[in-house]
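What follows is the residue order along each chain.
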Amino acid sequence: MKKVLTIAGSDCSGGAGIQADLKTFAAHGVYGMSVITSVVAENTARVISYQDIAPTIINEQMTAVFEDIYPDAVKIGMLSCADTMLAVASSLQEWQPKNIVLDPVMYAKNGDALMEPQAIDTLIKNVLPLATLITPNIPEAEKIADCSITSLEEMERAAKAIYERCHSAVLIKGGHRSGEATDILYDGENIYSYTSERIATKNTHGTGCTFSSAIASQLALGVPLDQAISKAKKYITTAIAHSLELGEGHGPTNHFYSLYRNGLKEEQSQ
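Nothing here was measured: the structure is a model prediction, and the numbers come from that model.

1. Side note on the side chain of T122
By the secondary structure assignment, T122 is in helix α4 (residues 120-127). Look at T122 and you get buried, because its relative accessible area is 16%. Filtering out sequence-adjacent residues up to four positions away, T122 remains in contact with A82, M85, L86 and V127.

Pasting the structure below:
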């Protein structure tokens, strides 16, 4: 069985962060592990507070995983401050994993900040260059590329600008634009686009976490990057289309829609 590690914050309401990542891994048939960077008190409507895990504990969690069950892919989510970023970066450099998908989580779905603004430079300098793929949404890409994005052409320019700064493939997600949901990938040589119909729902809590975890799962399974994104795009689109009407705010996506619809397959007796 392929193994995937998530390095991220927790979401006690279950729709984003570590919880969403582990559900996504399970839905893809890979073995999920976790390193928790922050404990977040949040629900579908708001972020109440969060507490960062000490850098030493972050490093020791990573050591515990890598020395025993070395992952085939790593997904990185919430890194709220420079100390957390440097701790994660040092362990990544020590253990040298392949297939690192980094979702630069700066804001919760309701707009609450999950990254200290002064830490963005540390993210760009010390963490993003370690990634195989970076998956910012448009506001995050604007911060990293220091530009405004209002069109597909500007998404492409921003992706290229981020690649020049970090030398990592960049997938800018188009969920914040109107019309069809188009994501733009630049891998250092080619531009790819991935388009799906925009789904009319407010229940999109944890979509970025889920999408990046789906990509990491596909990479762990040996799928090439452009195809991994295409498969993950189909997965997250289905999860949003069948999202769950839970909570007073942005409800979660349906990570196990296919399982809930089809049930567990019974093993055939020999």
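Once the structure has been displayed, the description carries forward.
2. Digging into the side chain of S217
Turning to its location among the elements, S217 is positioned in helix α7 (residues 207-220). Looking at S217, the relative accessible area reads 0%, which means it is buried.

3. Remarks on the pairing of strand β9 (residues 191-196)
Bridge analysis of strand β8 (residues 181-186) against β9 gives 6 bridges, and the strand direction is antiparallel. Looking across to β9, one finds that A181 is bridged to S196. Taking the residues between adjacent antiparallel strands as the criterion, β8 and β9 are bridged by 4 residues, where G188 takes a positive phi near 100 degrees.

4. Things to note about the pattern of salt bridges
Two side chains of opposite charge can pair, provided their charged atoms sit close to one another. According to the stated counting rule, one finds 6 salt bridges in the structure shown. D103 is the salt-bridge partner of K173, the closest N and O atoms lying 3.3 Å from each other. Here K173, found in the loop between β7 (169-172) and β8, pairs with D103, found in the loop between β5 (100-102) and α4; they are 70 residues apart in sequence, far enough to count as distant. Residue K173 shares its accessibility class with D103, and that shared class is buried. Where K202 meets E245, a salt bridge forms, and the shortest distance between an N and an O atom there is 3.4 Å. Separated by 43 residues along the polypeptide, K202 in the loop between β9 and α7 and E245 in the loop between α8 (225-241) and α9 (257-262) bring together distant segments of the chain. For K202, a relative accessible area of 38% corresponds to the partly exposed category.

5. Remarks on the pairing of β8
Of all 6 residues that make up β8, 6 are buried, and the element is covered over most of its length. Side chains A181, D183 and L185 of β8 all project onto a buried face; the interleaved residues T182, I184 and Y186 project onto the opposite face, where all are buried too. As judged from the 3 bridges shared by β7 and β8, these two strands associate in the antiparallel manner. Opposite I172, over in β8, you have I184 as the bridge partner.

Cut-offs applied
- Residues numbered from 1 in each chain as written.
- Predicted model: local features only at pLDDT ≥ 70, side-chain atom pairs only at ≥ 80, totals over all residues.
- Heavy atoms only, no water.
- Helix = DSSP H or I, 4+ residues; strand = E, 2+ residues; numbered from the N terminus.
- Buried < 20%, exposed > 50% of the residue type's maximum accessible area, 1.4 Å probe, protein only.
- Contact = heavy atoms within 4.5 Å.
- Pairing = 2+ DSSP bridges.
- Salt bridge = Lys/Arg side-chain N within 4 Å of Asp/Glu carboxyl O.

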